[in-house]
Amino acid sequence: MMNEFNFKKPLLGLVTGAAIMASTALATAQETIKVGILHSLSGTMAISETTLKDAMLMLIAEQNKKGGLLGKKLEAVVVDPASNWPLFAEKARELLAQKKVAAVFGNWTSVSRKSVLPVFEELNGLLFYPVQYEGEESSKNVFYTGAAPNQQAIPAVDYLMREEKVKRWVLAGTDYVYPRTTNKILEAYLIAKGVKKEDIMINYTPFGHSDWQTIVSNIKKFGSAGKKTAVVSTINGDANVPFYKELANKGIKAEDIPVVAFSVGEEELAGLDTKPLVGHLAAWNYFQSVESPVNAKFIKTWKAFIKNDKRVTNDPMEAHFIGFNMWVKAVQKAGTTDPDKVGAAIIGVSVPNLSGGHSTMLPNHHITKPVLIGEVQADGQFEIVFSTAGLVAGDAWSDYLPKSKDLISDWRAPLSCGNFNVKTGKCGGTGK
Amino acid sequence: MKTPKNILCLGLLFLIGLMASSPVTTAFAQDFSTLVDGLNQKSFSKKIKAVEVIAASGHERVVPVLTALSENRLYFRRHDKKIFIVKSSDSGFALTDAVTGEGAGEAPKATFKKIRTNNRLRRTIRATLGGLTLLSKDDAIRLNAAKSVFKSGDQGALATLEKALKAEKSDEIKQAMLDARAAIIIKSDADEAAKITAIQHLHKVGGADVMSMLSPLASDKNPKIAQAANTAIKEIKDRQALWNGVQNAIYGLSLGSVLLLAAIGLAITFGVMGVINMAHGEMVMIGAYSTYIVQDLIRTSAPGLFEYSLFIALPVAFMIAGAIGIAMERGIIRFLYGRPLETLLATWGISLVLQQAVRTIFGPNNQKVGTPSWMSGSVELGEVAITLNRLYIILFALAVFAALYIIIRQTTFGLQMRAVVQNRQMAGSMGIRTKWVDALTFGVGSGIAGIAGVALSQIDNVSPNLGQAYIVDSFMVVVFGGVGNLWGTLVGAFSLGIANKFLEPYAGAVLGKIFVLVFIILFIQKRPRGLFALKGRAVET
């Protein structure tokens, strides 16, 4: 009986202590709602996507200051898919299956979105996609807070036809699904408006392309046939930098051959010498130079958060602002973060946008946005030269492509279909 | 008694006349002020009309006001809407009254709002100013005016142009004015003979702008005019096709020089040691980042040296890349000789480490590397525009090649290197320290890659992934041109560049590269050692 060491007490203490620690760990784990951020922080798209990650961190911090969501704090989970499209799918799976995030805010290129789409549909996650895209898609699990072609590409072409009397068109894009599909839509639109096929020049380059000598030279030649010529650019990522540099070096001024870009905003201009680019255009639904009290407050909060007065705001940031606030409102309405319930609650939700108006989530998972056309200024900001009188509702299926003009998307019950053919009355068109 | 009455009437009339005329002169000044206020409207179409009215007024302040507007320097004061020409100063804006031209002191920027312009408005102003400044005393302004009238074909400028032509002394400006007159005449309703003379004049001028002007005339109702225009257009097109070929050749040389710079270091290391160095692209990237660091230092401590920043960056990049190369060789690669697959893997791993190291130190985003002013812009050779930075890169690549050639042919180190390439065993028996030759060769090869990075920073984005874009091209050039052979690399690089550029107009950038790659694969089947294979009995396989 010499070893009658009473280890019951210390053992009990140990177990109780462990239990308390475990329960507090569990409790603190239950205290946060995880939000996934899926943006490239390296590679060719880092120039555009890094700032979106920072914007999301700011929005999450601001929401936590207001008390979080459903009484819990929001926790940001950031991953880096490195401009690698298959890695986007892997990282999406990691966010949904392992990290168990309630919603994901991410992606930029359409090829990255197409890569993650099967993952979100399989694991029933929610993706808020903030970037302008080519349409021809409407998924139950994706909310498209960026512009559809009828909210960006078509109004830009209309502006050039009306204001600059453009008769010849160069459609220059990076070689992947977004520029290819957008150019298909634009070509059909231009031909429908009476532009001849020989007055349209279409050209594709790989991501990161840096040798623009021949192409810019061809643009100059194409523009010297006596008719006013414009370039519609769907060039994405850092290939824009040598492209604009070559335009400047060859002396192509915006007054002679204007370039309207759909993927170049304040962030991309920050890495360029913008003096030779003054007058070139961009079409978006928001510019930092928009004058409204909401925007002034947003810019002030952003500069304080990022601790850098020189950082700029841009359209995809506004899309995340709208998307995040819509998600928060929908979760509060549904009382849960369950994707199906949030998906049902979010349709019809209306939140303020940064131009002083409101944005509403439509049944096709697109939102209403104003269309703005801006000219590049010497300081890298945009001067707004045109804005639509009201809001334009995003149209997922383009009316100018024969296979998609009969398709509509409506995710409300009982239709619950992303590609319903109104002519045949059946769900399941492809639009291709 | 009638005379005093007449004098009185006359006097009264005179007084009335006097009184009537002075409001006219003040009204004239007031009118101009109202016209200038007309620029501050929301609609761009209304602004364009206001510009046209101002130009027609003939007031002496028209040119300064319109020039300021086209340069986005015309602002209005928020509280009284008075319009000023502004210039940035330390405390805000230095103001000039738009209507009177007098200085109006300084004021903070927030009290003013810019009068917006867009492309169409600026184009209208440019055309208008062209017509207005033809009689300027300044040579440069007159030349610019003649050129912009040529571009716009503005009918209203014809009278001023004729006047300017009579007074013009300078040959160059006179020629520009004659071109401008021809451009106006073909758009006007002058008679057939005048139009045909104008077409023939423009025919001699040639160029893309002339093509734009003559194209609408090709379908003119008058058959003689249409024929003259068509002949001119056809001949200009033929000339353009010829210059197109020249352009493709020059752009091919430019692309080839980029390939040469990237590949020449690899040719040496691959040739001397048979080491497949997958980290070669990262040496180029490190050279580009060295340029960024040097420019950053210059920007903060000695801004006056910016024009020479590239020259300063060259030895810095060489040293840094060379040092890393020697470290790589001494630390890792020398243990893996004779094991090509392991070397491949090891150098691939080193490339990843280097990329991530740069990403961690500098961040994953692109860094801005500026171009010195003597390298910006382009130069016209016939009808081909060559950007200056690419021209200098071609010359630089050839200079690097020449320097390397001299080192290899004329120095002891070069001799030792050649000996080791041809027969390592024999060279060792002759007393050459092959291990040191290996290390130094690797250092030189990496150093050259660093120098290439300095040049490439001018035409490509400086990012941690820069190396990835050039590694495949470098290997293609080395394999095609012949391993270990400088001339092979030169010929290989330039021929691949030119082939790529001639394919690009037909097949596009993506397909062009694929065709070139397929061509090299087929070529290697026939000649496995490349274009300039090393000959000799004792050459190791």
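Residues numbered from 1 in each chain as written. Chains lettered and ligands numbered in written order. Predicted model: local features only at pLDDT ≥ 70, side-chain atom pairs only at ≥ 80, totals over all residues.

Enquirer: An account of the overall build of chain B is requested, with residue identities and associated values reported.
Expert: Along its length, chain B carries 19 helices and 7 strands. Against the 2.2 N^0.38 benchmark of 24 Å for 541 residues, chain B shows a C-alpha radius of gyration of 34 Å, more extended than a compact globule. Scored against the burial criterion, the 541 residues of chain B give a buried share of 42%. In chain B, 68% of the contacts between residues at least 6 apart in sequence involve partners at least 24 apart. (Helix = DSSP H or I, 4+ residues; strand = E, 2+ residues; numbered from the N terminus. Rg over C-alpha atoms; globule rule 2.2 N^0.38 Å. Buried ≥ 20, exposed ≤ 12 C-beta atoms within 10 Å, placed from the backbone. Contact = placed C-beta atoms within 7 Å.)

Enquirer: Outline the interface of chain A and chain B, supporting the account with residue identities and numerical values.
Expert: A common way to report how large an interface is uses the accessible area buried once the components associate. Taken together, the contact pairs 40 residues of chain A with 41 residues of chain B. Elements represented by at least two residues in the side of chain A that touches chain B include exactly helix H2 (46-65), strand S7 (200-205), helix H7 (213-222), helix H8 (240-249) and strand S15 (382-387) of chain A. Split into classes, the residues belonging to the side of chain A that touches chain B amount to 11 nonpolar, 17 polar and 12 charged. (Nonpolar A, V, L, I, M, F, W, Y, C, P; charged D, E, K, R; others polar.)

Enquirer: A description of the domain arrangement of chain B should follow, citing residues and the corresponding values.
Expert: Here the domain parsing of chain B yields domain 1 (22-66 + 74-117), domain 2 (120-219) and domain 3 (244-526). Relative placement of domain 2 of chain B and domain 3 of chain B: their C-alpha centres are 48 Å apart. (Domains from an automatic or database assignment.)

Enquirer: Requested: an account of the confidence of the model for chain B, with residues and values cited.
Expert: All names here are of chain B. Looking at chain B, pLDDT values average 84 and 93% of them are 70 or higher. Across residues 21-25 the pLDDT falls below 50, and counting only partners more than four positions away or on other chains, this stretch makes 0 contacts in the model. Low pLDDT, under 50, characterises residues 537-541; the stretch is placed with 7 contacts to residues that sit more than four places away or in other chains. The complex prediction reports pTM at 0.81, with the ipTM value standing at 0.77. (pLDDT = per-residue confidence, 0-100.)

Enquirer: Any chance you could break down the nonpolar core for me, citing the residues and the numbers?
Expert: If you look at the biggest cluster of nonpolar residues, it comprises 122 residues, and the most contacted ones within it are Val35, Ala92, Ala103, Val104, Val157, Val260 and Ala283 of chain A. Element by element, the count of residues in this core is highest for helix H11 (residues 315-334) of chain A, at 10 residues. In this view, Val260 of chain A contacts Ala156, Leu160, Ala230, Val232, Ser233, Leu281, Ala282 and Ala283 of chain A; residues no more than four positions away in its chain are not counted. Of all hydrophobic cores here, the second largest spans 87 residues; its members include Ile324, Ala385, Ala449 and Leu490 of chain B. (Core = buried A, V, L, I, M, F, W, Y, C linked by C-beta atoms within 7 Å.)

Enquirer: Hey, could you go over the packing of helix H10 (residues 223-273) of chain B against helix H18 (residues 466-481) of chain B for me, with residue numbers and the actual values?
Expert: All names here are of chain B. Where H10 meets H18, the closest approach of the two axes is 8 Å, and the angle between their N-to-C directions is 65°. Remark: the crossing between H10 and H18 carries right-handed chirality. Here Leu259, Ala262, Ala263, Leu266, Ala267 and Phe270 of H10 come into contact with H18, specifically with Tyr470, Asp473, Ser474, Phe475, Val477 and Val478. Within the contact of H10 with H18, the residues separate by chemical class into 10 nonpolar, 1 polar and 1 charged. (Axes fitted to C-alpha atoms, helices over the stretch in contact; angles between N-to-C directions. Left-handed = near helix turned anticlockwise from the far one by under 90°.)

Enquirer: Can you lay out the sheet that holds strand S19 (residues 426-427) of chain A for me, pointing to particular residues and giving the numbers?
Expert: Two modes of strand pairing occur in sheets, parallel and antiparallel, and in both the strands are linked by backbone hydrogen bonds. All names here are of chain A. Taken together, 3 strands build an open sheet; the order of strands is S17-S18-S19 and the sheet is antiparallel. Edge positions in the open sheet fall to strand S17 (407-410) and S19, since each of these has one partner strand only. Both strand S18 (residues 417-421) and S19 contribute to a ladder of 2 bridges, which runs antiparallel. Across the sheet, the residue bridging to Phe420 is Cys427, located in S19. (Pairing = 2+ DSSP bridges.)

Enquirer: I'd love a proper account of the environment of Leu345 of chain B, names of residues and values included.
Expert: With respect to the helices and strands, Leu345 of chain B occurs in helix H13 (residues 340-362). Expressed as a C-alpha distance, the spacing of Leu345 of chain B and Ser88 of chain B, which sit 257 residues apart in the sequence, is 57 Å.

Enquirer: For the pairing of strand S14 (residues 372-376) of chain A, give the residues involved together with the corresponding values.
Expert: All names here are of chain A. Summarising burial for S14: 5 of the 5 residues are buried, a large majority. When strand S10 (residues 281-284) meets S14, the two strands line up antiparallel, connected through 4 bridges. Note on S14: the bridge partner recorded for Trp284 is Leu372. Strand direction decides the pairing type here: S14 and S15, joined by 5 bridges, are antiparallel. Each bridged residue has a counterpart across the sheet, and for Glu375 the counterpart in S15 is Glu383.

Enquirer: For the environment of Lys72 of chain A, give the residues involved together with the corresponding values.
Expert: Residue and element names in this part refer to chain A. Structurally, the position occupied by Lys72 is in the loop between H2 and strand S2 (73-79). The exposure class of Lys72 is partly exposed, given the 15 C-beta atoms found within 10 Å. Sequence separation between Lys72 and Glu136 is 64 residues, and the spatial gap between their C-alpha atoms is 37 Å.

Enquirer: Give a description of the confidence of the model for chain A that names residues and reports values.
Expert: Averaged over all residues, the pLDDT of chain A is 89; the fraction at 70 or higher stands at 92%. Mean pLDDT across the secondary structure elements of chain A bottoms out at helix H1 (residues 8-31) of chain A, with 62, and peaks at strand S4 (residues 127-129) of chain A, with 97.

Enquirer: How would you sum up the packing of helix H3 (residues 85-98) of chain A against helix H4 (residues 110-123) of chain A? Please name residues and give values.
Expert: When two helices pack together, their arrangement is given by the angle between the helix axes and the distance between those axes. Residue and element names in this part refer to chain A. Packing of H3 against H4 leaves a shortest axis separation of 8 Å and a crossing angle of 30°. When the axes of H3 and H4 are compared, the pair comes out roughly parallel. The hand of the H3/H4 crossing is right-handed. Contact residues: Trp85, Pro86, Phe88, Ala89, Ala92, Arg93, Leu96 and Ala97 in H3; Val111, Ser112, Ser115, Val116, Val119, Phe120 and Leu123 in H4. The residue makeup of the contact of H3 with H4, split by class, is 12 nonpolar, 2 polar and 1 charged. (Parallel < 35°, antiparallel > 145°, perpendicular 65-115°, else oblique.)

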